[in-house]
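Breakdown of the fold
Listed here are the chains, written in short residue letters.
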Protein chains: 2
Amino acid sequence: MGSREELEKIVGATAVDERPVRDLWPLAIMQERAGNVPPQVLVVRPAGREQVAALLRWATSNRVAVTPMGGGSGVCGALAPAAGELVMDMGAFDRVFEIDETNLTCKCEAGVNGYALEQQLNSRGLTLGHYPSSLPGTTVGGLIATRSSGQESSRYGSIEDMVLGLAVVLADGTFAAPRPGPRSAAGPALHQLFLGAEGGLGVVVGAVLRLHRLPETTFGRGYAFRELRAGLECMRSVMQAGIRPLVMRLYDAEDTLFSGYDVHDGECALVIATAGLHDVAEAESRAVERFAGEARQLGEEPWQRWQKHRFDLSAERLKAFLAPPGSYLDTIELAGSWTVLADLHARVKPAIAVGGLALCHFSHAYEQGCCAYFTFGGSGGDEAEARAAYGRAWEGAMSAALELGATISHHHGVGQARARWVADELGGWMNVWRAVKNGIDPERIMNPRAVGGSQ
Amino acid sequence: MGSREELEKIVGATAVDERPVRDLWPLAIMQERAGNVPPQVLVVRPAGREQVAALLRWATSNRVAVTPMGGGSGVCGALAPAAGELVMDMGAFDRVFEIDETNLTCKCEAGVNGYALEQQLNSRGLTLGHYPSSLPGTTVGGLIATRSSGQESSRYGSIEDMVLGLAVVLADGTFAAPRPGPRSAAGPALHQLFLGAEGGLGVVVGAVLRLHRLPETTFGRGYAFRELRAGLECMRSVMQAGIRPLVMRLYDAEDTLFSGYDVHDGECALVIATAGLHDVAEAESRAVERFAGEARQLGEEPWQRWQKHRFDLSAERLKAFLAPPGSYLDTIELAGSWTVLADLHARVKPAIAVGGLALCHFSHAYEQGCCAYFTFGGSGGDEAEARAAYGRAWEGAMSAALELGATISHHHGVGQARARWVADELGGWMNVWRAVKNGIDPERIMNPRAVGGSQ
C-alpha cells in the first residue's frame, strides 16, 4: 500500500491532497517566480486529535517529516516541505468551544481564523487584542507556532501573554490538555515551548486564550517630530511612566512620507492611542501630550488614517509586488534596548537601501526598548541580481542587529530566513533547544525547518 | 581522595562545608522537631561559573545529585538533600553588575539578596516590583527557581514577567548567557524552562531583569464588604476594566479579624492601591470607588496598616510558631477562575480547619481569576496527631483544587509538598516535563526533588 492510501485510511480519502505548499517567505516566492517550483507533497487534513496522533505514529513508523500548517501566512520559510514530506493542514480544527464572558477566556481549536475570532469577540464587547497585520490570513495555531505579536502589543502583550493553556499532540502521539489558570507554579510553564517552535516539537490542536473587555474609550492622536530621536524619547517616556498605549507607532521620515501622513518635509509621524476607562485614558492622553514636548500636534487625523490602513500590508499586496521578474521586497523586524535603536536605525537603513525602498517604523514598545520594523524593496536587472541585492540587505540587517546586541527577530520567527544567524543570537541556548527537541521529538519527525533547522 | 578533598580542589577548602540543609517546608520543620534531623551533606560555595561547571562535571562523573541553594526560604521541601548528595550554595554570586536607568534593566548574579536589590533600586527611583512576603530571605536565583510571585503582581506581574534573560550552567557544564531583548521570536523563550524548575534542569547563575520607575503617586484605600462574593466581584471589575492595581487584597471575615482591620463583625476587608502618574492613579482610584459599590469606605488607614505589616509572615515567625511540640502551621496558595473562587473558598476553609486557625485572603488578581491564599494551623496532642491533622488539611485543599479545576499552587511551587498531586494537574504535560528533563539533564544529576521528583 502506498503512503497516500495509508494516509487515506487514517483521515479518509477526501482529507488527503497532493500539491505544492509554501508560506509567504519572499525569497521562496522569488525563487518560484524564477522557475523553482516547490515539490508536490501530500497534505492531510485531520479531524480530531486521534487522527493527529495516528498520523504522527504513521510518520514515525515511516520516518516521514511532518509540518503542521495554519494559514500559511508566515514569512520565514518555516513551511516549505521537501519532496516526500507530509503537511498537516489544521483547517478542520475550526471550532470555538467557549467564550467565557465572566472569566474572560476563550477555548478554541488551532485552525480557527484569527480575524474571524477577533470579530466574534468584538461582537460581545471583548477582544484578544492580537492584531498582526496578517491577521485575516492567520489561524490561532499559526499565531502560536510563529511567536506572533500584533499592533496592540504595547497594551495587550504578544502571543505568549495571551495563551493561558495549550492542547498539543506530541511527536509520539500522546496528548497534553490545557492546564488550569490563571497562573500556576506547578513546575515551569511548559506550553511556552510551543510559542515559537514553528511546528518543531509537536502539533498545537487548541488553546485557552486570555481575553479583555473592549476599552470604554480610545483617544487617538498624531504628533510630528523633527528628529527621530526625539520621537523615540517620547515613546520611552510613555512606556516608562507606566502607560500601556493601545497603539504607538513612530515612522521615520521616509516611512512617514510613504504612509501618506500629512507632515512637513523630513518630519517623523507618531501615531498613538491611549485606551481604557474614559477618565484614565484621557489622563494618559494628556500625559502623552506632555511627553511629546515640542512635537507638532496633528490631532486625530493620523490615528483615523492609520486605522483605515492597518491591514494594508496584505498577502495580496506582497504577491502583487513580487509578481514582476527581478523584483524583491521584504520586511525585517529587529528589537533592541532604547539606547541602541537610533544606531540600529542608522546602520540598517543604508544596508537595506539596495533598491529604491527603505522604510522603518518603531512599534511594539516596552519599558526596556522597542521593535524596529524595516521594509525594503527594489528591482534587479535579472533574477540573480535581485536575489543578490536581497541577500545583501538581509546580511547587513542581521549583522547590525548582532553587533549592536539587538535581536534578529521581534515577531516573524526564524524558519529558513534566519537559519544562518539564529545560533549567533541563541548562543548557549542553542544547546537547550537541541536538548529539548531531542527530548520531545527523539525520532525527529517534526518540521525539519523549524527554528533554522539546526541539528 | 575523598569527595570533600576533590571538591576542595575545585572551589578551595574554605568554600566547602558539611552540615544539614533544608528549606522552610513546615512538615520538615515538624519532623526535625520530632527528632528526624536532616543528614549532614557537603555544601560547596562556588565563585564563578567555571567552578559551577567543574562541580557539575564532578557530580556527573561521581553520579552525585546536586541541588542549588539560594536563600533557603522555600516552603515546599524542594531543598532537602539526602545523605551523599551535594548542595551548591550560590551565595558568592552576589554582584549587581549593572542597573541601567535608561533602558530599565538590571544585570545581576543569582545570589543577590532580593530585598537588598529592591532597596538599591528604590534609592534610584526604580523598582523590580517583586515583593513576596519572604523577600528579605530570598535570592534572585531562588525567586526564579521557585516561580515566585509578589504582593505587587497585579501591577508588575510575577517572576516570569520580570526575567528578560537568564545565565545558566547546564547539567553538562555548558553555559548559556542572557539573550538580547526586549523580546525575541528567535525560537521559544527557552529561559522560561528554568522558572519553576526548582533546580531540576541546571544552575541559574545570573539574570537580566526588567525594572520600572517608582510610581509618581499611590492612592491606597480600604473597603469593608458584608459578603465575600461582593468583594470578589469588585476585584474582578477592577481587573477587567484594565486597571492594574499596585496592591489588591481581599480578606475573608476570619483573616480580616486576624489581620487586625477595624471593621464590623463578619465584614471582609479589601485593601487596594492604584499607582502611576498622579492623574491616572487618581482616576483609577475613583473608578475603584465606583466598583466597590455599597461597600463601606475605610479611608487610607487599612492601606497604611497593611504596608507596616507586609513582611510579617517571616521565617522567624514561622519557626517560632512551629517550636512547640505538636504544633502545625502552613499556607496553601491555590488559584482559579473568578467563578470558582467562592466555591473553592467554601470547600477549602472547612477542610483546613483541622486546628484552630483557618484564614484566607485573595491577592494576585488577573482578568481571568485570582489566587486564594489559605493559612491554617493548630496543635495536636502529640507529633503523630499533628502530622495527621496537617496531612488532612493538605489532602482536603488539594482535592478541592483539582476537583474544581483550580491550580494546586499559585506561587510556592511543588517540591515534595505537592509531589502526590502534581501529575494530576499537569496531566499530559508531565510527559513534556520528563522529556525536557531527560533532554537537558540526561545523567539526572540535578535536584531529585524538583517538581515532585517524578521520574
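Conventions and cut-offs
- Counting starts from 1 at the beginning of each chain's written sequence and moves along it residue by residue.
- Throughout, the order in which chains and ligands are written sets their labels, letters from A for the former and numbers from 1 for the latter.
- Since the coordinates come from a predicted model, pLDDT governs what is reported: local features require at least 70, and pairs of side-chain atoms require 80 or more to be given and counted, while whole-chain, interface and lining totals use all residues.
- Here the side-chain values reflect all heavy atoms present in the structure, with hydrogen atoms and water set aside.
- Whether a residue is buried, partly exposed or exposed follows from its accessible area with a 1.4 Å probe, protein chains only, as a fraction of its type maximum: under 20%, in between, or over 50%, in that order.
- Marked domain ranges trace back to an automatic or database domain assignment.
- Summed over both partners, the accessible surface that disappears when two parts come together, traced with a 1.4 Å probe, is what is meant by buried area.
- Here, a salt bridge means any Lys or Arg side-chain nitrogen found within 4 Å of an Asp or Glu carboxyl oxygen.
- Under this definition, polar contacts are N or O atom pairs within 3.5 Å; protein pairs additionally need one hydrogen-donor-capable and one acceptor-capable atom, and for neighbouring residues in sequence, both atoms have to be side-chain atoms.
- Three classes are used, and their members are as follows: Ala, Val, Leu, Ile, Met, Phe, Trp, Tyr, Cys and Pro are nonpolar, Asp, Glu, Lys and Arg are charged, and the others, Gly among them, are polar.
- Each helix is a run of H or I in the DSSP string that is no shorter than four residues. Each strand is a run of E no shorter than two, and both are numbered from the N terminus.
- Here the copies are matched by least squares. The fit uses the C-alpha atoms of residues with pLDDT of at least 70 in both.
- Whether two aromatic rings pair depends on their centres lying within 6.5 Å, for rings of Phe, Tyr and Trp, where Trp uses its six-membered ring; planes under 30 degrees apart make the pair stacked, over 60 edge-to-face, and the rest tilted.
- Either the NZ atom of lysine or the CZ atom of arginine qualifies as a charge over a ring when it sits within 6 Å of the ring centre and within 35 degrees of the ring normal.
- A pair of strands counts as paired when DSSP detects no fewer than two bridges linking them.
- Orientation is described by axes fitted as lines to C-alpha atoms, over the contacting stretch for helices, and by angles from 0 to 180 degrees between their N-to-C directions.
- Whether two residues are in contact is decided by their heavy atoms: any pair within 4.5 Å suffices.
- The scheme is simple: roughly parallel for angles under 35 degrees, roughly antiparallel for over 145, roughly perpendicular for 65 to 115, oblique for anything else.

Here we come to unusual backbone geometry. Glycine aside, negative phi is the norm for most residues, and most peptide bonds take the trans geometry. Residues and elements named next belong to chain A. With an omega dihedral of 5°, the bond running from Gly 181 to Pro 182 counts as a cis peptide bond. Backbone geometry at Arg 147 places phi at a positive 60°, although glycine is not the residue there. Residue Arg 147 is classed as buried on the basis of its relative accessible area of 4%. The backbone of His 364 shows a phi angle near 60°, a positive value even though the residue is not glycine.

All names here are of chain A. Annotation of chain A at the domain level lists domain 1 (3–91 + 438–447), domain 2 (93–213), domain 3 (217–302) and domain 4 (315–415). The centre of domain 2, based on its C-alpha atoms, is set 30 Å off from the matching centre of domain 3. On the domain 2 side of the interface with domain 3, the three residues burying the most area are Gln 151, Ser 154 and Arg 155, jointly 84% of the side's total. Linking domain 2 with domain 3 are 0 salt bridges, by the criterion used here. Here domain 2 and domain 3 share 3 residue pairs in polar contact (both at pLDDT 80 or more) between them. By residue class, the composition of the side of domain 2 that touches domain 3 is 1 nonpolar, 2 polar and 2 charged.

This part takes up the environment of Glu50(B). Within the secondary structure, Glu50(B) sits in helix α3 (residues 49–62). Look at Glu50(B) and you get exposed, because its relative accessible area is 53%.

What follows covers the relation of the copies chain A and chain B. These two copies of the chain differ by a rotation about an axis and a displacement along the same axis. Mapping chain A onto chain B calls for a rotation angle of 180° and an axial translation of 0.0 Å; the resulting RMSD is 0.0 Å. The transformation relating the two chain copies, once decomposed into turn and shift, fits a two-fold axis. By C-alpha distance to the rotation axis, the residue of chain A lying nearest is Gly439(A), at 2.2 Å.

Here the focus is the packing of aromatic side chains. Residues and elements named next belong to chain A. Enumeration according to the criterion identifies 14 aromatic pairs over all chains in this entry. Plain terms: the ring middles of Phe 376 and Tyr 390 are 5.9 Å apart, the flat faces sit at 45° to each other, and that makes the pair tilted. Here Phe 376 is found in strand β18 (residues 369–379), whereas its partner Tyr 390 is found in helix α14 (residues 383–404), with 14 residues between them in sequence. You'll find Phe 376 and Tyr 390 in the same group, each marked buried. Each member of the aromatic cluster is reached from another via a ring pair, and the members are Tyr 115, Tyr 131 and Phe 311. Over the aromatic face of Phe 175 sits the side chain of Arg 49, whose NZ or CZ is 3.5 Å from the ring centroid.

Here the structure, examined in full by the defined rule, presents 48 salt bridges over all chains. Via salt bridges that share partners, Arg4(A), Glu8(A) and Glu18(A) belong to a single interconnected network.

Our focus in this paragraph is the sheet that holds strand β4 (residues 86–89) of chain B. All names here are of chain B. Ordered by their spatial adjacency, 4 strands build an open sheet running β1-β2-β4-β3, and the pairing between neighbours is mixed. The open sheet has two edge strands, β1 (16–20) and β3 (66–69), and neither has a second partner. Here the average twist between neighbouring strands, direction ignored, is 35°. Examined bridge by bridge, β1 and strand β2 (residues 40–44) share 5 bridges and lie antiparallel to one another. What sits directly across from Arg 19, in β2, is Val 41.

What follows is about the side chain of Gln192(B). Secondary-structure assignment places Gln192(B) in the loop between β9 (175–176) and β10 (202–210). Setting aside anything within four residues of it in sequence, one finds Gln192(B) in contact with Pro188(A), Gln192(A), Arg147(B) and Glu160(B).

Residues and elements named next belong to chain B. The 5 strands lie next to each other as β5-β6-β10-β8-β9, forming an open sheet whose pairing is antiparallel. This sheet does not close on itself; its edge strands, each paired only once, are β5 (96–100) and β9. Where β5 and strand β6 (residues 105–109) come together, 4 bridges link them in antiparallel fashion. Directly across from Val 96, in β6, lies its bridge partner Cys 108. Its contacts with the sheet place α3 against β8 (163–170), β9 and β10, and it is angled at close to 50° to β8.

Residue and element names in this part refer to chain B. For the pair helix α2 (residues 26–33) and helix α14 (residues 383–404), the least separation of the axes is 11 Å and the interaxial angle reads 170°. The orientation of α2 with respect to α14, classified from their angle, is roughly antiparallel. Here Pro 26, Leu 27, Met 30, Gln 31 and Arg 33 of α2 lie close against α14, whose contacting residues are Glu 383, Ala 386, Arg 387 and Tyr 390. Grouping the constituent residues of the contact of α2 with α14 by class yields 5 nonpolar, 1 polar and 3 charged.

If you look at the interface, chain A gives 92 residues, while chain B gives 92 residues. Here chain A and chain B share an interface that buries about 6,800 Å² over both sides, 61% of which is from carbon and sulfur atoms. In this structure, the salt-bridge partner of Asp279(B) is Arg286(A), at a minimum N-O distance of 3.4 Å. Across the chain A-chain B interface, the total number found is 42 residue pairs in polar contact (both at pLDDT 80 or more). Here the element with the most residues in the side of chain A that touches chain B is helix α16 (residues 429–440) of chain A; it accounts for 8 residues.

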